[in-house]
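# Summary of the model geometry
The chain contents come next:
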Amino acid sequence: MSGLRWLQLSEEELGEFLGDGGTGVLSFSAGRDEPPFSLPVSYGYLGDTGHFHYRLAVPEDSSKERYLDRPVSFVVHDHTDDGWRSVVATGELDDLTELPYEADALQERWGVDIPLIDIFEEPPDDVTFRAFRLDAERVTGRKEVRS
């Protein structure tokens, strides 16, 4: 009879799994008596810096605005040829939207390709997006191992 175990991903496996981006769930702390505020998002990832980049839709009347300066967790998971993999990153978002063009963080952002997924009720060109970066305080990954 085979069992299922979970092992930590090595740094190399973690980078390989995250690739240069994809999709995941970004969750914001909402307070002691509230559930987290969670959003499915696409992301770009730079393995050499360990930074995650996001393009978040934040229209003027968005309830998201009140959560943007709170701690976050970001989860990516998928079933690969080798079984399930998951990564959890935690920290706080840096808003890159108003930075001057010369800022290092914004220059780094231009090197990231974030997949564009059209889930909006209006054309993406009409949606207000803001640029954010997660320089994670902690990143962990796990993989499924059958024995």
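Thresholds, definitions, all that
Residues numbered from 1 in each chain as written. Predicted model: local features only at pLDDT ≥ 70, side-chain atom pairs only at ≥ 80, totals over all residues. Heavy atoms only, no water. Helix = DSSP H or I, 4+ residues; strand = E, 2+ residues; numbered from the N terminus. Buried < 20%, exposed > 50% of the residue type's maximum accessible area, 1.4 Å probe, protein only. Contact = heavy atoms within 4.5 Å. Polar contact = N/O pair within 3.5 Å; in protein donor to acceptor, adjacent residues only side chain to side chain. Salt bridge = Lys/Arg side-chain N within 4 Å of Asp/Glu carboxyl O.

Now for the environment of Arg85. Mapped onto the fold, Arg85 is located in strand E6 (residues 83-91). Classification of Arg85 as buried rests on a relative accessible area of 11%. Separated by 78 residues in sequence, Arg85 and Leu7 place their C-alpha atoms 9.7 Å apart. Residues in contact with Arg85, not counting those within four places in the same chain, are Leu9, Phe17, Val76, His77, Asp78, Thr80, Arg142, Lys143 and Glu144. Engagement of the side chain of Arg85 in a polar contact is seen with the backbone oxygen of Asp82, the distance being 3.5 Å.

What follows covers the pattern of salt bridges. With the rule as written, the count across this model stands at 7 salt bridges. Note that Lys143 is salt-bridged to Glu13, the shortest N-O span being 2.6 Å. With Lys143 in strand E9 (residues 138-146) and Glu13 in helix H1 (residues 11-18), the pair connects residues that are 130 residues apart, well separated along the chain. Using a relative accessible area of 26% as the deciding quantity, one classes Glu13 as partly exposed. Among the ionic pairs, Asp95 bridges to Arg130, the shortest N-O distance being 2.5 Å. In this pair, Asp95 sits in strand E7 (residues 93-95) while Arg130 sits in strand E8 (residues 129-135), placing the two residues 35 residues apart along the sequence. Overall, Arg130 belongs to the buried group, its relative accessible area being 18%. Several salt bridges converge on common partners, so that one network encompasses Glu65, Asp95 and Arg130.

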